[in-house]
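Now for the letters of each chain:
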Amino acid sequence: MTRILFKDRVALVTGGNKGIGKAICTHLAEHGARIACGYGRDRKAAEAYEQEFSQKGYQGKVYQCDVTEPEQIVATVEQVVQDFGRIDILVNNAGITSDKTVLKMETADWQKVLRTNLSSCFYLSKAVLPHMLKQKYGRIINISSVIGLSGNIGQANYASAKAGLFGFTKTLALETARKGITVNAVAPGFVRTEMTEKIPPEIIQKTLDQIPMRRFAEPHEISRVVVFLAQEDSSYITGQIYGINGGLYM
Ligand code: NDP
């Protein structure tokens, strides 16, 4: 039987309709959390997930919200609080890539990736913080990437955004340390999702050759660490970065 770890807790997970975010929503819900599942453009995937979710008897709702739009974020957070009465856990998971070498990268590629992967985490954290401060309780988990630690050819925008998340995580952890709120980041290696389906086969092979475990992660191998950090008992862990990368970066 699954242990109830999140009785009466509400989690907002951005990009929860697929990939790593979906695994996080499912895993949190399995342990009793009520879920506000954010999504961007893919309404079909969100509706399919909502149906799957309610068939399993989990409690939750999907919310369309473009994480690059601060006003939409404020409205969504207010709606979630209206629907569920509180927000205890925020998982900043939504993210994109738009790969090109620096020489070929357009300003738009740079800005889009920085806005989606980094600025969004500032907007969302700022919007949920007043609620967490009032509750004197909160868990914020930012989904970064191994690329933020190592860099990667063709991903200056993505690496900068994900590295920026480390500084953001540590600073917000300091600012909230005495308020019952913890802030941590996870830095996954390569995970089997739509994001990595776009990688050309020859690059996939080269990447696999560099991963000591010789395989990509499955989304649930990331979500179990997020669930660990989101628990009430993980109360003395803050400002940390958890690498989950099959040994790719040590
Ligand atoms: P997917 O491409 O499978 O999913 C991305 C999610 O982000 C979707 O739910 C998408 O919603 C959402 N999203 C994208 N842009 C926006 C936006 N502007 N507003 C709201 N939601 C948006 O990615 P993964 O599951 O692979 O990645 C999840 C996170 O993990 C990302 O932050 C990624 O950088 C990180 N990561 C992934 C790794 C991997 O190998 N897959 C490795 C390391 C980190 P919709 O589809 O509805 O638009």
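See the structure printed just above.
Residues numbered from 1 in each chain as written. Predicted model: local features only at pLDDT ≥ 70, side-chain atom pairs only at ≥ 80, totals over all residues. Heavy atoms only, no water.

1. Observations regarding the site of the ligand
Thought 1: Taken together, 30 residues lie near the ligand, and Asn17, Asn93, Tyr158, Val191 and Thr193 sit nearest.
Thought 2: Here Cys65 contributes a backbone N or O atom positioned 3.5 Å from a nitrogen atom of the ligand.
Thought 3: Between the ligand and Thr193, the relevant distance is 2.5 Å, taken from an oxygen atom to a side-chain nitrogen or oxygen of the residue.
Thought 4: Protein chains shield 91% of the accessible area of the ligand, which is 890 Å² for the free molecule.
Thought 5: In terms of residue count, helix α7 (residues 194–197) provides more of the shell around the ligand than any other element does, three residues in total.
Thought 6: Classifying every residue of the shell around the ligand gives 12 nonpolar, 12 polar and six charged. (Near = heavy atom within 4 Å. Polar contact = N/O pair within 3.5 Å; in protein donor to acceptor, adjacent residues only side chain to side chain. Areas by Shrake-Rupley, 256 points an atom, 1.4 Å probe, with all protein chains shown as cover. Helix = DSSP H or I, 4+ residues; strand = E, 2+ residues; numbered from the N terminus. Nonpolar A, V, L, I, M, F, W, Y, C, P; charged D, E, K, R; others polar.)

2. Focus on the nonpolar core
Thought 1: Judged by nonpolar contacts, the single largest core of 33 residues is most densely connected at Phe6, Ile24, Leu28, Ile35 and Val186.
Thought 2: Within the residue set of this core, elements represented by two or more residues are β1 (10–13), α1 (19–30), β2 (34–39), α2 (43–55), β4 (89–92), β5 (138–143) and α9 (219–230).
Thought 3: If one sorts the elements of this core by residue count, α9 sits on top with six residues.
Thought 4: Judged by nonpolar contacts, the second largest core, of 24 residues, contains Val77, Leu124, Leu129 and Ile181. (Core = buried A, V, L, I, M, F, W, Y, C linked by side-chain atoms within 4.5 Å. Buried < 20%, exposed > 50% of the residue type's maximum accessible area, 1.4 Å probe, protein only.)

3. What to know about the side chain of Arg9
Thought 1: Take Arg9: it is sitting in the segment before β1.
Thought 2: In this view, Arg9 contacts Ala33, Arg34, Arg86, Asp88, Ile89, Tyr137 and Glu232; residues no more than four positions away in its chain are not counted. (Contact = heavy atoms within 4.5 Å.)

4. As for the pattern of salt bridges
Thought 1: Considering all chains together, one arrives at 12 salt bridges under this definition.
Thought 2: Here Arg192 ties to Glu218 by a salt bridge, and the two come within 2.9 Å at their closest N and O atoms. One end of the pair, Arg192, is in the loop between β6 (181–188) and α7; the other, Glu218, is in the loop between α8 (201–210) and α9, and 26 residues separate them in sequence.
Thought 3: Since its relative accessible area comes to 53%, Arg192 is described here as exposed.
Thought 4: Glu218 sits in the partly exposed class, given a relative accessible area of 25%.
Thought 5: Where salt bridges share partners, they join Arg9, Arg86, Asp88 and Glu232 into one cluster. (Salt bridge = Lys/Arg side-chain N within 4 Å of Asp/Glu carboxyl O.)

All quantities given are derived from atomic positions and should not be read as evidence of function.
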